[in-house]
Amino acid sequence: MKYLSIIRTTVHTKYLFFLRYFKYKISGVNNQDSINFYLSKNESPSLEVSVKVGCGLFCTYCPQSNYIESFKNRYAKDYKVLSKMVFQSAMKNVDTNTLIKWTGFTEPLDSKNFPFFCEYLKNNSYRQSISTTLKGTTKSVRWFVDNIALFSAVTLHLPDSDGLMKCKVDGEYINNLYKVLEVRKNKNLDVFLIGKSFQSDVLKVIENCIRDGILNKKNIIYAKVLNTRNLSIDAESTGLTNIQFRDKISDTKKQKKDSYYCAYRRLNQGVLLPNGRVTLCCQDYKLEYILGDLKNEKLDDLYNKIQTSEIDNNLFLSGDFYPCTKCEHYRTIDNSFTGHL
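Note that the structure is predicted; figures quoted are calculated from it, not measured. (Residues numbered from 1 in each chain as written. Predicted model: local features only at pLDDT ≥ 70, side-chain atom pairs only at ≥ 80, totals over all residues. Heavy atoms only, no water.)

**Observations regarding empty space enclosed by the protein**
Then, in step 1: Using the criterion set out here, one finds two cavities of 30 Å³ or more in the structure.
Then, in step 2: Considering only enclosed or pocket space, the largest cavity measures out at about 140 Å³ in volume.
Then, in step 3: Residues belonging to the lining of the largest cavity are distributed by class as follows: 11 nonpolar, three polar and two charged.
Then, in step 4: Space inside the second largest cavity adds up to approximately 50 Å³.
Then, in step 5: F37, K41, L267, L291, L302, Y303, K305, I306 and Q307 are the residues that line the second largest cavity.
Then, in step 6: Counting only elements with at least two residues in the lining of the second largest cavity, the list comes to α10 (299-303) and α11 (305-308).
Then, in step 7: Among the elements that line the lining of the second largest cavity, the one with the most residues is α11, at three residues.
Then, in step 8: When grouped by side-chain class, the residues that make up the lining of the second largest cavity number six nonpolar, one polar and two charged. (1 Å grid on protein atoms, 1.4 Å probe; cavity = no way out; pocket = protein on both sides within 12 Å on 5 of 7 lines; lining within 4 Å. Points joined across faces, edges and corners; volume = space filled by probe spheres on them. Nonpolar A, V, L, I, M, F, W, Y, C, P; charged D, E, K, R; others polar. Helix = DSSP H or I, 4+ residues; strand = E, 2+ residues; numbered from the N terminus.)

See below:
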């Protein structure tokens, strides 16, 4: 059944890919370059938000040291915590059709200003989703639990039994977890685990909620495959023996005629940093490609930067665009699809 499910998922995602591919072609666009960039973006733009530099959890499978070191080296004198002023300045350049994702490189609840940020977005008609460990400042965690209906989708990234996530599980944490699960009752909520099994107290909550009809088993996601974050992590460095890492296309397979695209569809899903700048995508923990400063530039312009630059455009389509050259999702248009539709 496991392998049948994998095959079914692979076939279905390939079908969706080619459906979009040919739909775009029959619309009258015969320019292959335009098709590649179209397929490299999501149907709807989004913006992930990193509320600070450095996440206190320091999970084994997260390259936080890369993020912290790169930010300090590049922006030594800049804000390391997202302020109200920077956030508001940045959001003035973001259209309301952009989904704001509370995730990025750090835990979103680890900001005392999180309630302010979310209320600001609500009052200005932005949609919001969140991926959280339920750890952070006391004020922000309590506010999130009480205002969870504000988010269109919620993903709970929960502690594992091997301590890969450096998360203290106490009575308050368990109470917050149960409240969130009870309020959402499977409404656009997923529970996500990296590791072999949930931490014992968390597992009891999960089992009880399944028994009481509060949580559906289909909403529990056990990670089987992880991204390497541009070759920043692997099985050896993380100790995740039960996890696979996606293979990067070998350079020896590249031919002159190959045309590349982003199979992860991240060219319009950047990450806002605490200083207002936007990095290429959530895989770029080393901040190796900064799209620009959102305090002074429109987000739509940043998302078209690679496409409108003659140099970057040619590099991207030819398979030579750095840092994408280190990413397993940077693939030829006719190569195996990674399944992110």
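**Here's the deal with the packing of aromatic side chains**
Given two aromatic rings, one states the distance between the centres and the angle between the planes to describe the pair.
Then, in step 1: Scanning the entire structure with this criterion turns up 19 aromatic pairs.
Then, in step 2: The interplanar angle of 70° and the centroid separation of 6.2 Å between the aromatic rings of F116 and F117 together place this pair among those described as edge-to-face.
Then, in step 3: Relative to Y330, the ring of F316 has its centre 5.4 Å away and its plane inclined at 45°; by these criteria the two rings are tilted. In this pair, F316 is assigned in helix α12 (residues 310-318) and Y330 in strand β13 (residues 330-332), connecting sequence segments 14 residues apart.
Then, in step 4: Of the residues examined, Y330 reaches a relative accessible area of 5% and is grouped as buried.
Then, in step 5: An aromatic cluster of three or more residues is present, and its members are F87, W102, F114, F116, F117, Y120, W143, F144 and F151.
Then, in step 6: When the ring centre of F116 is taken as origin, the NZ or CZ atom of K84, which lies over that ring, is 4.7 Å away.
Then, in step 7: Positioned over the ring face of Y264 is R266, at 4.2 Å from the centre of the ring. (Phe/Tyr/Trp six-rings, centres within 6.5 Å; stacked < 30°, edge-to-face > 60°. Buried < 20%, exposed > 50% of the residue type's maximum accessible area, 1.4 Å probe, protein only. Lys NZ or Arg CZ within 6 Å of the ring centre and 35° of its normal.)

**Things to note about the state of the cysteines**
Then, in step 1: Following the criterion strictly, the structure yields zero disulfides and no others.
Then, in step 2: There is no disulfide at C167, and the cysteine sulfur nearest it, in C59, is 8.0 Å away.
Then, in step 3: Just so you know, C282 is unpaired, no disulfide at all, and the nearest cysteine sulfur is the one on C281, 5.1 Å from it. (Disulfide = S-S within 2.5 Å.)

**Topic: the sheet that holds strand β12 (residues 290-293)**
Then, in step 1: Read across the sheet, nine strands follow the order β6-β5-β4-β3-β2-β1-β10-β11-β12 without closing on themselves; strand pairing throughout is mixed. Unpaired on one side and paired on the other, β6 (220-222) and β12 mark the two borders of the sheet. Put simply, the sheet's adjacent strands are angled 25° from each other on average, direction ignored.
Then, in step 2: Summarising the sheet, strand β4 (residues 153-157) and strand β5 (residues 189-193) pair through four bridges and their orientation is parallel. Across the sheet, residue L156 finds its bridge partner in β5, namely V191. (Pairing = 2+ DSSP bridges. Axes fitted to C-alpha atoms, helices over the stretch in contact; angles between N-to-C directions.)

**Some points on the pairing of strand β2 (residues 99-102)**
Regular strands place side chains that alternate from one sheet face to the opposite one.
Then, in step 1: Here β2 shows no split at all, with L99 and K101 on one side and I100 and W102 on the other all buried.
Then, in step 2: Of the strand pairs in this sheet, strand β1 (residues 46-49) and β2 are connected by four bridges, and their pairing is parallel. Looking at the pairing, S46 lines up with L99 of β2.
Then, in step 3: Sheet topology places β2 next to strand β3 (residues 128-132); three bridges connect them, and they run parallel. Across the sheet, the residue bridging to K101 is S129, located in β3.

**Topic: helix α8 (residues 200-211)**
Then, in step 1: A rise of 1.5 Å per residue sets the reference length of α8, with its 12 residues, at 16 Å; its end C-alpha atoms lie 17 Å apart and thus fit the reference within 8%.
Then, in step 2: Next to the buried residues of α8 lie α7 (171-184), β5 and β6.
Then, in step 3: G213 sits one or two residues past α8 and shows a positive phi near 80°. (Expected span 1.5 Å × (residues − 1). Contact = heavy atoms within 4.5 Å.)

**Notes on a negative patch on the surface**
Then, in step 1: A cluster of acidic residues, D95, E297, D300 and D301, forms a negative patch at the surface.
Then, in step 2: Residue position: D300 is located in helix α10. (Patch = residues over 30% accessible without salt bridge, like charges linked within 9 Å, V, L, I, M, F, W, Y side chains within 5 Å. Areas by Shrake-Rupley, 256 points an atom, 1.4 Å probe, with all protein chains shown as cover. Salt bridge = Lys/Arg side-chain N within 4 Å of Asp/Glu carboxyl O. Lys, Arg positive; Asp, Glu negative; His and termini not counted. Charge placed at Lys NZ, Arg CZ, Asp CG, Glu CD.)

**What to know about the pattern of salt bridges**
Side chains that carry opposite charge are capable of pairing whenever their charged atoms lie near each other.
Then, in step 1: Across all of its chains, the model carries seven salt bridges by this definition.
Then, in step 2: With a shortest N-O distance of 3.1 Å, R266 and E48 are connected by a salt bridge. Residue R266 is located in the loop between β9 (260-262) and β10 (269-272), and its partner E48 is located in strand β1; the two are separated by 218 residues in the primary sequence. There is no split in this pair, since R266 and E48 are both buried.

These values are about where atoms sit, not about what they do.
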